[in-house]
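Residues per chain, in single letters:
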Amino acid sequence: MPAIEINGLVKRYKGVHALKGVNLKVETGEIYGLLGRNGAGKTTMVKILLGIVRPTEGDVKLLGVHPSSPKSRLKVGYLPEDHRFPDYHTAESALEYYGALSGMSAAARRERIPKLLKDVGIADAARRKIRTYSKGMKQRLGIAQAMLHDPEVLFLDEPTDGVDAVGRKEIRDMLVALKAQKKTIFLNSHLLSEVELICDRVGIIELGTMKLEDSVKNLTKVENLYTLTFEKSVEPLLPDLEPPRTKGCRRMGINVVEVAVEDVDKLNAIIDFVRTKGFNLTGLVGKTQTLEEVFIQTLDKPSEGGAA
Amino acid sequence: MKYIAMLKDSFLEALDCKSLYVMFVISLLFIILLASMSYTQQDAAGTIRDMTDTFNVVHGGRDVGSFWIRSYAVRYNVDGVRDLGPEAKTFAGGWEFTVSLLTSDDPERRKTDLSDFYRLVRHWDGTERGMVKKQTDTIPDADKAPPPELSARFLRSMFLLRQVPKVTVEPVATDPDGATFTVKIKPWSRQTFAGAYKCHFLFGLVSFPLTGMSVAMWVFGIEVLLSQYLAGIFGVMIGIVFTADFVPNMLQKGRIDLLLARPINRSTILLYKYLGGILYAAITGAVFIGGSFLVLSFRSGVWNWGFLASLGTLVFFFAVLSSIGTLVGVMTRNTILSIVAPLGMWALGFGVTWTKNQAKDLISLFRVPDWLDRTLEIFSYFLPRASDFNVANQYFMRRYAVGDEVLELMRQQERLPQVPWVTTLVSSALFILVMLSAACWIFSRRDH
């Protein structure tokens, strides 16, 4: 059973078509990243999954249960974007409160809360009022409340927002550890480098339509473009690497050249050729692109007439 | 567990805005004021004279808002006050004495004095028999001298109404005017003997006799003031103001998401927020009413347990108003409107009840068509009815203040305001149900 299943999801607000027939499936144990510009429909989709917003059309299931049933949220944790804790709570009392609401027993809360506060790095401030916290501390508390009841599915909307570089690394490590525990994580983030590092699969949503969806590996891979590094300057070799021997070449440094080929056989033929010319290869790397590049390219593409 | 957590959250919210502390401090100030009251016993003969000085009025009007009173220029002599028991000095025994009408030596004036007394007795008799209901009704046989037995019954009734349940009044046969009586009385308790005590306030700085009033009635009056006016008006208002932001705060963007992502029904979340407000009112009310009750009771010896019941009526009334605030809070997410709406409805309900009572008088006086009365009657069923809650409140308190015997007498004389239990409870409960159902329906269907 998939952890998350969305079929033909449509959401219309007054005058706004937020989601236009989105389909999505996230398997158990997967880390899924949803990317999109502000207002693309990312948060709406998460809120529909959690029953916070009602869908206009379509079928949605979270752990096999429709979100209109509170049972669907029994094993789900959520960190909303711009969350606001009641500031009369301390971190400890807030976790006590949310833990009880999530159905945790008093004993389980007693055991889990101190550990979690330590894990997110705010144990020292556990008994201070939340109103005295910095944004980063509130974010850490937000992550703690989402993970409190050991959920099977975790929705994180901008989890590293306001967190410093060290904190971001800690959160990333935490998510990787959760993945090792076979937890399903649904991540909304603007920090594409982060998504690239953590996620198994990524979806790019634009104006309520899923524009692209694939594994990070596939999305960032560029077919038949390689960077070759040599012992010495490639200057004398460049005329021989021009078409038709290759599909194109570009000097990237004194001893580095990027070549485009039709297939792997062609690449091997080129390697054999340059060696016969006395150029020894010290490095060969298949060219990739960053997720950011993929994201920008995807959003720059004209619409192909997705869901109405 | 989750339900307790939700109530605890509301309690923390109230603690954080310091409103609970403010309420506790205000309560403490009143409790100290009440603790500054003490009572000393008066002379028995003087007390009896003071009491008989008040036997010159007739009052009527059974319904709220239609009470009337008529006083006559009648005064009495009290002679030969004699102790009937060893405990007489402590007001626990009894007394025998003669009560006679005080008349002028001038024959013409004496005639007028007697005529006033006879008219007073006839007027009282007319109200007893239900023949005089309004001030404007004609008094039957007003100018005829009543039989001495009737005058004796009048005096007996006057003693009874002043919480002296054991009383015998015999006309003295030798008085041709039928205006002299032998009386034996035994008060119900020391505290219920009208005029028996002097009150000292502010730890003795101010002293005054409780003329014509028993300590029990004095305490009853204070308790009415505390529960009906201080707690019932100002306390409820402050409670509404302090709890009005519970729902709008909960609905704040970023905060509501954290709640709705939990495995709890939305209606449950809202209802427990509402109950959190009720809990706040119950706690502050319990401190105020409970503290006042203990201090008043210890200082006066009058343990009016009915006063504690007023906490229930107060909280119930607060629940009615708070349900309006909850609905408006869900609809608008605005704290100011959540304050204005319940207070406005309260004022409207008060206005309708007042107009309804006035309309009744107008109808009877000028024969105005009763469509207005009917319309107001129907309208009043759908609004918070503060006056009915006040009547219910007094019902409990009066029971302990005057005792069962006097209460029974008042009931026989139809001098007890009728408590519209069914309409008050049912219409108020239905009102809460409708408000909360609407609030839950909107909250459940809304996107956040």
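Below, the structure is looked at part by part. Just so you know, these numbers come straight off a predicted model, no measurement behind them.

What counts as what
Residues numbered from 1 in each chain as written. Chains lettered and ligands numbered in written order. Predicted model: local features only at pLDDT ≥ 70, side-chain atom pairs only at ≥ 80, totals over all residues. Heavy atoms only, no water. Helix = DSSP H or I, 4+ residues; strand = E, 2+ residues; numbered from the N terminus. Rg over C-alpha atoms; globule rule 2.2 N^0.38 Å. Buried < 20%, exposed > 50% of the residue type's maximum accessible area, 1.4 Å probe, protein only. Contact = heavy atoms within 4.5 Å. Areas by Shrake-Rupley, 256 points an atom, 1.4 Å probe, with all protein chains shown as cover. Axes fitted to C-alpha atoms, helices over the stretch in contact; angles between N-to-C directions. Parallel < 35°, antiparallel > 145°, perpendicular 65-115°, else oblique. Left-handed = near helix turned anticlockwise from the far one by under 90°. Nonpolar A, V, L, I, M, F, W, Y, C, P; charged D, E, K, R; others polar. Pairing = 2+ DSSP bridges. Phe/Tyr/Trp six-rings, centres within 6.5 Å; stacked < 30°, edge-to-face > 60°. Salt bridge = Lys/Arg side-chain N within 4 Å of Asp/Glu carboxyl O. Polar contact = N/O pair within 3.5 Å; in protein donor to acceptor, adjacent residues only side chain to side chain.

### Quick word on the overall build of chain A
And then number 1: Helix and strand content of chain A: nine helices and 13 strands.
And then number 2: Taking 19 Å as the expected radius of gyration for a compact globule of 308 residues, we find that chain A reaches 24 Å, considerably beyond that expectation.
And then number 3: Projected onto its principal axes, the C-alpha coordinates of chain A cover approximately 75 × 50 × 35 Å.
And then number 4: Each of the 308 residues in chain A was classed as buried or not, and the buried ones make up 50%.
And then number 5: In chain A, the proportion of contacts linking residues at least 24 apart, taken out of those at least 6 apart, comes to 69%.
And then number 6: Roughly 14,500 Å² of accessible area belongs to chain A as shown, and the carbon and sulfur atoms make up 50% of that amount.

### A look at the packing of helix H1 (residues 2-16) of chain B against helix H9 (residues 266-300) of chain B
Residue and element names in this part refer to chain B.
And then number 1: Orientation of H1 relative to H9, taken along the N-to-C sense of each, is 55°, at an axis distance of 8 Å. On the basis of their axis angle, the class for H1 and H9 is oblique. In the crossing of H1 with H9, the sense of the turn from one axis to the other is right-handed. Where H1 abuts H9, its residues Tyr3, Met6, Leu7, Asp9, Ser10, Phe11, Glu13 and Ala14 lie against Thr268, Ile269, Tyr272, Lys273, Leu275, Gly276, Leu279, Tyr280 and Ile283.
And then number 2: Grouping the amino acids of the contact of H1 with H9 by side-chain chemistry returns eleven nonpolar, three polar and three charged.

### Quick look at the sheet that holds strand E1 (residues 4-13) of chain A
Residues and elements named next belong to chain A.
And then number 1: The antiparallel open sheet is built from three strands, whose spatial order is E2-E1-E4. Sheet topology places strand E2 (16-26) and strand E4 (57-62) at the edges, where each strand pairs with a single neighbour. The sheet shows a mean angle of 25° between the axes of neighbouring strands, taken without regard to direction.
And then number 2: Sheet analysis places E1 next to E4, joined by five bridges and oriented antiparallel. Its bridge partner being in E4, glutamate 5 is matched across the sheet by lysine 61.
And then number 3: In the packing of helix H1 (residues 42-49) onto the sheet, the strands contacted are E1, E2 and E4, and the crossing angle to E1 comes to about 115°.

### Concerning the packing of aromatic side chains
All names here are of chain B.
And then number 1: As enumerated under the stated definition, the model contains 20 aromatic pairs over all chains in all.
And then number 2: Summarising the aromatic geometry, the rings of phenylalanine 55 and tyrosine 76 are spaced 6.3 Å apart at their centres and angled 70° between planes, so their arrangement reads as edge-to-face. One end of the pair, phenylalanine 55, is in the loop between helix H3 (44-52) and strand E2 (57-60); the other, tyrosine 76, is in strand E4 (residues 76-83), and 21 residues separate them in sequence.
And then number 3: A centroid spacing of 5.7 Å and a plane angle of 70° characterise the contact between tryptophan 124 and phenylalanine 154, whose relative ring orientation is edge-to-face.

### Here's the deal with the interface of chain A and chain B
One widely used convention gives an interface's size as the accessible area the parts lose upon coming together.
And then number 1: Contact with chain A, which involves 30 residues of that partner, is made by 28 residues of chain B.
And then number 2: The interface formed by chain A and chain B holds four salt bridges in total.
And then number 3: Linking lysine 11 of chain A and aspartate 447 of chain B is a salt bridge whose minimum nitrogen-to-oxygen distance equals 2.6 Å.
And then number 4: There are 20 residue pairs in polar contact (both at pLDDT 80 or more) connecting chain A and chain B.
And then number 5: Secondary-structure elements contributing two or more residues to the side of chain A that touches chain B are E1 and helix H2 (91-101) of chain A.
And then number 6: Counting residues per element, the side of chain A that touches chain B draws most heavily on H2 of chain A, which supplies four residues.
And then number 7: Taken together, the residues of the side of chain A that touches chain B sort by class into 15 nonpolar, six polar and nine charged.

In short, the description is geometric, and any link to function would need to be established separately.
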